[in-house]
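Coordinate analysis (summary)
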Amino acid sequence: MLTSNKKDGFEHIKRATIKTSGKQGQGVYVGSNLFLTAAHCVNFETSGSMALGDYFIEEIEIQGETFRVAPLAVEPISDVAVLGPLDEQEFPDDVDRLEEFCENLDPVLISDFEPEIFKEMNVYVFSHEDKIISGKGQVCTPGSSKMFIEAEEEIKGGTSGGPIVDESGRLVGIVSNSSTGTESSEVHPRPNLALPVWVWRKLERGPE
């Protein structure tokens, strides 16, 4: 059960959580004008055309405002995607508007803490229904990019791409799967091991 103090401490995470319009998922702002979501929540191709300059425009909603962004990196096996500014030459107004908004938006910092194998840690899932679901998380394989989460409530469809944080509010996972029933036992990607190196280098993580 969450205390009122804990809920207040997580308010900045709610403010940093986005909705993705295309496939009706979620995401979270992590700094440097970048948002993380689940790969299955965005449109992309694997033909190589995106590497040559083709990309898909995605719409995100945050704090009642809508912005146009693009997938900058997609890792379909881990189910993590990075959304960020459009091409500045073609969409200068979109880029400027997003940058101005993000200047006043506190990011959710990504944890690079490596938990002991099979040791449970308290985690919290931010649902698309504006609820915080408590649960336990554990890593079952050394160096794995996935974390096993047991949540106290069902993680409903629409929550995919949303943040999973630890006690200190650090991002430890991205919601990949929904569930059925009153509880959830699913595997979700860990951003610190699933993100491309160039993204990881851009993010300000702060002290552990």
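Residues numbered from 1 in each chain as written. Predicted model: local features only at pLDDT ≥ 70, side-chain atom pairs only at ≥ 80, totals over all residues. Heavy atoms only, no water.

1. Some thoughts on the overall build of the protein chain
The cut-off we apply is this: Only runs of H or I of at least four residues qualify as helices and only runs of E of at least two qualify as strands under DSSP, and these elements are numbered from the N terminus. Throughout, the radius of gyration refers to the C-alpha atoms, and the reference size of a globule is 2.2 Å times the residue count to the power 0.38. The rule is simple: take the accessible area with a 1.4 Å probe, protein chains only, and divide by the maximum for that residue type; under 20% is buried, over 50% is exposed, in between is partly exposed. Any two residues having at least one pair of non-hydrogen atoms within 4.5 Å are treated as being in contact. Per-residue and other accessible areas were derived by the Shrake-Rupley procedure at a 1.4 Å probe size, with only the shown protein chains allowed to occlude residues.
Counting its secondary structure elements, the protein chain contains 5 helices and 12 strands. Here the protein chain has a C-alpha radius of gyration of 16 Å; the compact-globule value for 208 residues is 17 Å, and the two agree. Overall, the C-alpha framework of the protein chain stretches about 50 × 35 × 35 Å when taken along its three principal axes. Split into buried and exposed, the 208 residues of the protein chain put 47% on the buried side. Restricting the contact set of the protein chain to residue pairs at least 6 apart, pairs at least 24 apart contribute 61%. Accessible area for the protein chain stands at about 10,300 Å²; split by element, carbon and sulfur atoms hold 46% of it.

2. A short note on the side chain of serine 111
Convention followed: Between N or O atoms, a polar contact is any pair within 3.5 Å; within protein, one atom must be a potential hydrogen donor and the other a potential acceptor, and residues adjacent in sequence are included only when both atoms are from side chains.
Of note, serine 111 is situated in the loop between α3 (92-102) and β7 (121-126). On the basis of relative accessible area, serine 111 is assigned to the buried category, the value being 4%. Reaching out from serine 111, the side chain makes a polar contact with the backbone nitrogen of phenylalanine 113 at a distance of 3.1 Å.

3. Notes on the pairing of β7
Under the convention used in this document: Pairing between strands is defined by DSSP: at least two bridges between the two strands are required.
The buried fraction of β7 amounts to 5 of the 6 residues, a majority that puts the element mostly inside the structure. Note that β7 and strand β8 (residues 132-138) share 6 bridges and pair antiparallel. When the sheet's bridge partners are listed, methionine 121 is paired in β8 with glycine 137. Taken together, β7 and the strand that follows it, β8, pair antiparallel across an intervening segment of 5 residues, in which aspartate 130 is found at a positive phi of about 65°.

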